[in-house]
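Commentary on secondary and tertiary structure
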Amino acid sequence: MTRKILALLFVFAAGAIVGHLATRSAAVVQAQSRKPVMMLRMFTGPDNQTHAEEVPLDFAGGASKLLPITSGELHVASPGNVIDWHRAPRRQYVITLSGHGELEVAGGKKIPVGPGQIDLVEDTTGKGHITRVTGTEDRITLQLRLADQAGN
């Protein structure tokens, strides 16, 4: 009788361990297969043109640390609004809250932006970029000024 109980306890414990490991492995696989959150970085290259690259945000510990900021502004732009070639007025994050737009950089590359898009805009010199509001609704953005600006 004792052998049967020990055998059942062993089978139960082994099943619990295997179940735990399978669940943990599935969680690890899910975490590893999670699509990374990307941020668009716009910068002036050595050719004096604005270029763009996608940079993954690191969410180690569940949060991604931003560069220090000093202030924020909300901006609204109507559908069809175009700001022709311009440089960023300062290094800043631009986060699209609603609406859609398009950023044009060197070589005519057009980058669509929409709700949730995070841009790190650093092209304060050179030719700059074009910003267009596309779609039928206003584009609302949150602009966060970086703390490393002159005079801060």
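Just above sits the structure.
Rules used throughout
Residues numbered from 1 in each chain as written. Predicted model: local features only at pLDDT ≥ 70, side-chain atom pairs only at ≥ 80, totals over all residues. Heavy atoms only, no water. Helix = DSSP H or I, 4+ residues; strand = E, 2+ residues; numbered from the N terminus. Buried < 20%, exposed > 50% of the residue type's maximum accessible area, 1.4 Å probe, protein only. Areas by Shrake-Rupley, 256 points an atom, 1.4 Å probe, with all protein chains shown as cover. Polar contact = N/O pair within 3.5 Å; in protein donor to acceptor, adjacent residues only side chain to side chain. Contact = heavy atoms within 4.5 Å. Pairing = 2+ DSSP bridges. Axes fitted to C-alpha atoms, helices over the stretch in contact; angles between N-to-C directions. Core = buried A, V, L, I, M, F, W, Y, C linked by side-chain atoms within 4.5 Å. Salt bridge = Lys/Arg side-chain N within 4 Å of Asp/Glu carboxyl O.

Here's the deal with the overall build of the protein
Of regular secondary structure, the protein possesses 1 helix and 10 strands. Ordered by position from N to C terminus, the α and β elements of the protein give α-β-β-β-β-β-β-β-β-β-β. Scored against the burial criterion, the 152 residues of the protein give a buried share of 28%. Summed over all atoms, the accessible surface of the protein reaches about 9,900 Å², with 60% contributed by carbon and sulfur.

Here's the deal with the side chain of threonine 50
When you line up the elements, threonine 50 lands in strand E2 (residues 50-56). In this structure the side chain of threonine 50 is engaged in a polar contact, spanning 2.8 Å, whose partner is the side chain of aspartate 123. In contact with threonine 50, not counting residues within four places along its chain, are Met42, Phe43, Val105, Ala106, Asp123, Gly128 and His129.

Examining the sheet that holds strand E10 (residues 139-146)
The strands making up a sheet are joined through hydrogen bonds of the backbone, oriented either antiparallel or parallel. Read from one edge to the other, the open sheet built from 6 strands follows the order E2-E1-E8-E5-E10-E3, with strand pairing classed as mixed. In this open sheet, the two strands that pair with only one neighbour each are E2 and strand E3 (69-77). Here the strands of the sheet are splayed against their neighbours by 25° on average, with no regard to which way each runs. Sheet topology places strand E1 (residues 38-44) next to strand E8 (residues 118-121); 3 bridges connect them, and they run parallel. By the bridge assignment for E8, methionine 42 is matched with valine 121.

Examining the nonpolar core
Met39, Leu57, Tyr93, Ile95, Ile118, Leu120, Leu144 and Leu146 together form the largest nonpolar core, which totals 8 residues. Listed by contribution, the elements that provide at least two residues to this core are strand E5 (92-98), E8 and E10. Apart from the residues within four sequence positions on either side, isoleucine 95 is in contact with Gln117, Ile118, Ile140, Thr141, Leu142 and Leu144. Within the second largest apolar cluster, 7 residues are counted, among which are Met42, Leu103, Val105 and Val113.

Comments concerning the pattern of salt bridges
Proximity of charged atoms lets side chains of opposite charge pair with each other. Counted according to the given criterion, the structure contains 6 salt bridges. Measuring nitrogen to oxygen at the nearest pair gives 2.9 Å for the salt bridge that ties glutamate 53 to arginine 41. Within this pair, whereas glutamate 53 is found in strand E2, its partner arginine 41 is found in strand E1, the two being separated by 12 residues in sequence. On the accessibility criterion, arginine 41 (25% relative accessible area) is partly exposed.

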